[in-house]
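Fold and geometry: a report
Each chain, letter by letter, is given below.
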Amino acid sequence: MELSTDGRRVELGESGHRAVIAALALAHGRALTAGQLGRLLTDGHDVAACVDELERLVPGLIASTPDGFALTVPADAVDVELIRTALRDAQEHFLANRLPEAATALAEVPTRCREEPLANVPEGFDDAREQLRTLCANAWELYAAVELRAGRHEALAALLAEVPPTTTAMRAALVLATHRSGVERPPGLAGHSADPRLAQLERWAAEGNPILETADAELFAPGRTAGRHRGGAHCSLPPDVVDFTGRADVVAGLAAVVSSGRSTEPAPVCVLTGVGGAGKTTVAVHVAHLLRSRFPGGQLHLDLHGTDEDPADPADLLTRVLAALGVPWAEMPDGAVARADLFRARLVGARVLLVLDNARDAQQVLPLLPLTGDCAVLVTSRRPVRLPYAHPVPLGALSTEDGVTLLARIVGDDRVRNDPALAETVVRQCGLLPLALRIAGARLAARPRWPLAELAALLRDEQGRLDELVAGDLAVRASFEASYRQIGEPGRRAFRRWGLLPAYPVAEWAVAALTGSGADETAEVVRTLVDLRLVEVAGVVAADPSDGLRYRMHDLVRIYARQRARDEADADLDHAVRAVYGQWLARVDRAMATFIPGAEQHVYTPAPIAELKRAAAGVPTEIPDGFDYLEAEYELLTAAVVHAGERGWDEITCALADTLQDFFFSTGRRGHWRRTLQAAHDAAHKAANHRGEAYAQAGLGYVSEADGRLAEAIASFTEAARLSGAVGDHAQQALSTLDAATASRRHGDITRAWELRSRAHTLFAGLGDVLGVARADHELGNLHVDQGHFTAATQAWEKAAAGYRAVNAIAAEAKVVRRIGEARLADGDLAGAESQFQRSLELAREHHLTENEGGALCGLAEIALHRGHPEDARQLVDDALGIAENCGHASIRRMGLRLRGEVCHALGETDEALRCLRSAADLARRADVPIELAAALAALGDALAGSGDRAAAIECWSEAHGLFARVGAVPRAQLVAARLAGVAP
């Protein structure tokens, strides 16, 4: 590499100077940041110092821009740009048989491509160096092809003898030029080539075979220059990638269709569509290379420039194809129709495969379709290209496994094998998009000492990820921009705003809310975005009565959309996104109303939230299948809560998190439950929204209680009551006070539980809150039953059940009915208990209340055990444990294990009984639930006594007696005392 100005060579003594100049030249037309340049300076040089020194050597050479540093010289002053332009122009002229123009375009090749590229540049440019070698080789090959066809054999022979050929095609050109010029054969042309075709050519040269007068050197460069294969068949395919990975089913399907043509049928046509960077061209070219032997008439590749502002004209494309098929320029017919007729006539029986790459639409492709099935066509496009008899082949992202394999093939197996988890991270950061993976791989391959962690760290920040996914002239952003340019402004606005939503599938009604557009306009916009593969159909939510189709935006496309929204200063972005949240809030309300009637009571709904819901247009008045709707959307809604919190929308975050609580509780999704509530708490606390913080604190208390972390639950409920009281929200204050009472009772603090329950009842009654009073009565029954006052407990619970029914609080009613069954069972009324458990089970199954379903099954199992039917009891308990396992209900798991131990004890399965009872006791101890621990220990003592281990049994009974006495469960303490005294219970 060298630098010159005004004909004077500039000495670049420091390796850092050469690295900076090389990097900026390779990135010509684009700025590089100081960080990007700094990673190339391996000898401790400072970027700023290098740039300053270069500016001193050549003033005005480097411009400092907001985006970094860039060269100020024109493109034709940079060798690599000059060669690329020359090669592109010369190929166009060569295909059209315009040899003087092709020779003029390539005039600089002997000078510019003579030296080893980047020879004196430090390490870090290996990938770029290899790309430049390939570029120069392509230029030399085309130069040689032009000179041979023009008849300048002697000059070419002399030049190639002076410049050692580096490729098979260049060596073939040297053989042909030497033979045709009659000059002395240079050393090395002795017929010893490893390439059998070149060896044959050398033998013909040695023999003076006249066939050499018509042979073409391009025969030996398949895919590099516009050449001719065996028998004169033309091939203009780009090279097949050596590391093609995955897509086995797609490749097999394409090959089967393309190979299926018959002369009496239309030509097989396959249309590959997908987002920019999905690898459509790579797949099409790969399949075309695989099928070359099936199409001996030739394999033609045409770039239709469909994503450019000025797509290729079919008439010009036909000219290129006819020239490639051997039609002399002087015989080229005028007009697209005449050329198309000649094109189709030439292809009849010719067995030619066409790759029509980057098509805009059907009108561009139709003139290029052969008439008969002797030929076949592969079309790639970002849009659906609707052609007669065509086979659409949508191309998505790679699988994670294939993505990692591709990365390993580019950067080396060892680097991936040393840290497979980090490799998967990089693959996911690239969105499993082949273009992004190739760019990431190229950057790593060019820096052998760069660890995967370095690239993963650079890609971690979404805002800068697209800036990092650039290598040479490859850039993910440019691929997306080509599609974005084809959208009208309504579509662009929808696209930009869509990128601001969480990365989950959404419905058309969400897009309408983003843009404020009507249904018809929105449908047209979404169709356009789908056609351009900027979004894709992700599935159907059948339970959505307004619009079930869901659309997904690829992760990297979403990042690009967000950047466009930021860069184009789109107005009213917050208002647009808040409108979508209004839709989500209103629809979740409707779904919860049918999933768990009464669940909307005491939901956080400040005035702005109520107004946001009222403004939501087109929300159905009812979502009949509320459970199915929430099952389909809960991942999106969870992400929406977190997303709202990140935007600082505390009221929206708290409202949506609070509304989802009953769903997460009922389905046992405690991870989602805690995540949404923590996001709500953090957002409310940061905004000093004490009322919202109180609701979030209360919710976190429920999660902790469900997890068995009772001390944490009590602290959360107590803080929630304090915050609510401070802001005058006495309804929430009463509810959190009652929740603290329940957690205190379960934790064994009975005195505090009585006091808090009484306080909560007074608050609810003062507010006239029927549901709240019912809840306080419910807890009163719990306190009575734990102390063995079954009649008083039943009366309190029946009063609570009536209150729940009055406000249609189904979930609460199902739970209290189950508690009435437990009281009647403890009182010896098996028939009455069974009736209550069955009623609770019906309510639970009808409304998907999985925890209550498990509890009711456990109650029915206890009745079966009392009636002497342990096998029936086992089945019921196993069903309950299955629910606990699937839904994560810790309390049902503890209860189920205790009952299963009792069942096994009754059946004489001592070992299994001891295992289950020890597990139940261990779980209750870890959850710090004294009354459950006492029950498990009492049953474990019975099983140990039955096994003959009287000492261990006494130890268990003693601890159980102490726990029952501590929580005020006197009758149960007396039963254990009787066991200890050796008296039958």
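The rules behind each value
- Residues numbered from 1 in each chain as written.
- Predicted model: local features only at pLDDT ≥ 70, side-chain atom pairs only at ≥ 80, totals over all residues.
- Heavy atoms only, no water.
- UniProt positions renumbered as here; feature names shortened; annotations may be inferred.
- Helix = DSSP H or I, 4+ residues; strand = E, 2+ residues; numbered from the N terminus.
- Buried < 20%, exposed > 50% of the residue type's maximum accessible area, 1.4 Å probe, protein only.
- Contact = heavy atoms within 4.5 Å.
- Core = buried A, V, L, I, M, F, W, Y, C linked by side-chain atoms within 4.5 Å.
- Domains from an automatic or database assignment.
- Patch = residues over 30% accessible without salt bridge, like charges linked within 9 Å, V, L, I, M, F, W, Y side chains within 5 Å.
- Areas by Shrake-Rupley, 256 points an atom, 1.4 Å probe, with all protein chains shown as cover.
- Salt bridge = Lys/Arg side-chain N within 4 Å of Asp/Glu carboxyl O.
- Phe/Tyr/Trp six-rings, centres within 6.5 Å; stacked < 30°, edge-to-face > 60°.
- Lys NZ or Arg CZ within 6 Å of the ring centre and 35° of its normal.
- pLDDT = per-residue confidence, 0-100.
- Lys, Arg positive; Asp, Glu negative; His and termini not counted.
- Charge placed at Lys NZ, Arg CZ, Asp CG, Glu CD.
- Axes fitted to C-alpha atoms, helices over the stretch in contact; angles between N-to-C directions.
- Parallel < 35°, antiparallel > 145°, perpendicular 65-115°, else oblique.
- Left-handed = near helix turned anticlockwise from the far one by under 90°.
- Nonpolar A, V, L, I, M, F, W, Y, C, P; charged D, E, K, R; others polar.
- Expected span 1.5 Å × (residues − 1).

For the protein, an unreviewed UniProt entry supplies the name Putative ATPase and the organism Actinophytocola oryzae.

Turning next to the UniProt feature "repeat: TPR" (unreviewed entry) in the protein. The sites that UniProt annotates as "repeat: TPR" (unreviewed entry) are residues 814–847. In residues 814–847, the share of helix is 88% and the share of strand is 0%. The end C-alpha atoms are 10 Å apart.

What follows deals with helix H12 (residues 280–290). The buried fraction of H12 amounts to eight of the 11 residues, a majority that puts the element mostly inside the structure. Considered for burial, the residues of H12 that qualify are Lys-280, Val-283, Ala-284, Val-285, His-286, Val-287, Ala-288 and His-289. Residues of H12 that are buried sit in contact with helix H11 (248–258), strand E7 (269–273), strand E8 (298–303), strand E9 (352–359) and strand E10 (376–381).

Okay, the nonpolar core next. Ranked by size, the top nonpolar core spans 114 residues in total, and within it Trp-498, Trp-584 and Leu-630 carry the most contacts. Looking at which element gives the most residues to this core, the answer is helix H27 (residues 573–595), with 11 residues. Among all residues touching Leu-630, those that are not within four sequence positions of it are Val-588, Ala-591, Met-592, Phe-595, Leu-637, Leu-660 and Phe-663. Listed in part, the 58 residues of the second largest apolar core include Val-20, Ile-62, Leu-71 and Leu-176.

Its location among the elements puts Trp-754 in helix H36 (residues 750–767). Setting aside residues no more than four positions away along its own chain, Trp-754 makes contact with Leu-780, Leu-783, His-784 and Gln-787.

In this section: the domain arrangement of the protein. Splitting the protein by domain gives domain 1 (3–220), domain 2 (248–395), domain 3 (400–480) and domain 4 (790–982). Taking only C-alpha atoms, the centre of domain 3 and the centre of domain 4 are 55 Å apart.

By the secondary structure assignment, Ser-744 is in helix H35 (residues 730–747). It is 44 Å that separates the C-alpha atoms of Ser-744 and Arg-460, two residues lying 284 residues apart in sequence. Residues contacting Ser-744, with those up to four places away along its chain left out, are Ile-714, Asp-749, Arg-752, Ala-753 and Leu-756.

So, about a nonpolar patch on the surface. On the surface, Val-537, Val-540 and Leu-549 cluster together into a nonpolar patch covering about 250 Å² of accessible area. Here Val-537 lies in strand E14 (residues 536–540). Judged by its relative accessible area of 46%, Val-537 falls in the partly exposed class.

Tallied over the entire structure, the rule returns 15 aromatic pairs. Ring plane angle 80° and centroid distance 5.9 Å describe the contact between Trp-140 and Tyr-143, whose orientation is recorded as edge-to-face. Residue Trp-140 and its partner Tyr-143 are located together in helix H7 (residues 126–150), separated by three residues, close to a single helical turn. On the accessibility criterion, Trp-140 (3% relative accessible area) is buried. Here the aromatic residues Phe-595, Phe-627, Tyr-634, Phe-663 and Phe-664 are joined through ring pairs into a cluster of three or more. Sitting over the ring of Trp-649, Arg-578 keeps its end group 5.5 Å from the ring centre. The ring of Tyr-634 is capped by Arg-669, whose NZ or CZ atom sits 4.1 Å from the centre of that ring.

On to the confidence of the model for the protein. Averaged over all residues, the pLDDT of the protein is 85; the fraction at 70 or higher stands at 90%. The secondary structure element of the protein with the lowest average pLDDT is strand E5 (residues 227–228), at 36, and the one with the highest is helix H32 (residues 670–686), at 96. The low-confidence segment residues 214–232, where pLDDT is below 50, has 65 contacts with residues more than four positions distant or belonging to other chains.

Moving on: unusual backbone geometry. Even without being a glycine, Asn-358 presents a positive backbone phi close to 60°. Its location among the elements puts Asn-358 in strand E9. Looking at Asn-358, the relative accessible area reads 18%, which means it is buried. Positioned with a positive phi, Leu-432 is a non-glycine residue whose angle comes to about 60°.

Among the surface-exposed residues, Glu-309, Asp-310, Asp-313 and Asp-316 lie close enough to one another that they form a single negatively charged patch. Of note, Asp-313 is situated in the loop between E8 and helix H13 (314–324).

Before going further, it helps to examine the packing of H35 against H36. Packed helices, taken two at a time, are described by the angle their axes make and the gap between the axes. The N-to-C vectors of H35 and H36 enclose an angle of 160°; their axes lie 8 Å apart at closest approach. With respect to H36, the element H35 is oriented roughly antiparallel. Seen along the crossing, H35 lies across H36 with a hand that is left-handed. Two secondary-structure elements touch here, H35 through His-730, Ala-731, Gln-733, Ala-734, Leu-735, Thr-737, Leu-738, Ala-740, Ala-741, Ser-744 and Arg-745 and H36 through Ile-750, Arg-752, Ala-753, Leu-756, Arg-757, Arg-759, Ala-760, Leu-763, Phe-764 and Leu-767. Of the residues contributing to the contact of H35 with H36, the split by class is 13 nonpolar, four polar and four charged.

End to end, H32 covers 24 Å across 17 residues, agreeing with the expected 24 Å (1.5 Å per residue, within 8%). Of the residues making up H32, those classed as buried are Arg-670, His-672, Trp-673, Thr-676, Leu-677, Ala-679, Ala-680, His-681, Ala-683 and Ala-684. Turning to H32, the residues buried within the fold contact helix H29 (626–646), helix H30 (650–659), helix H31 (661–667), helix H33 (690–706) and helix H43 (890–906). Of the residues trailing H32, Ala-688 is marked for its positive phi of about 60°.

With the rule as written, the count across this model stands at 51 salt bridges. A salt bridge links Arg-898 to Glu-902, with the nearest nitrogen and oxygen atoms 3.0 Å apart. With Arg-898 and Glu-902 both in helix H43, this residue pair falls four residues apart, about one helical turn. The class of Arg-898 is buried, set by a relative accessible area of 15%. Residue Glu-902 is classed as partly exposed on the basis of its relative accessible area of 23%. The salt bridge partner of Glu-959 is Arg-925, with a shortest N-O separation of 2.8 Å. You can see Glu-959 sitting in helix H46 (residues 950–966) and its partner Arg-925 sitting in helix H44 (residues 910–927), a full 34 residues away along the chain. A relative accessible area of 30% places Glu-959 in the partly exposed class.

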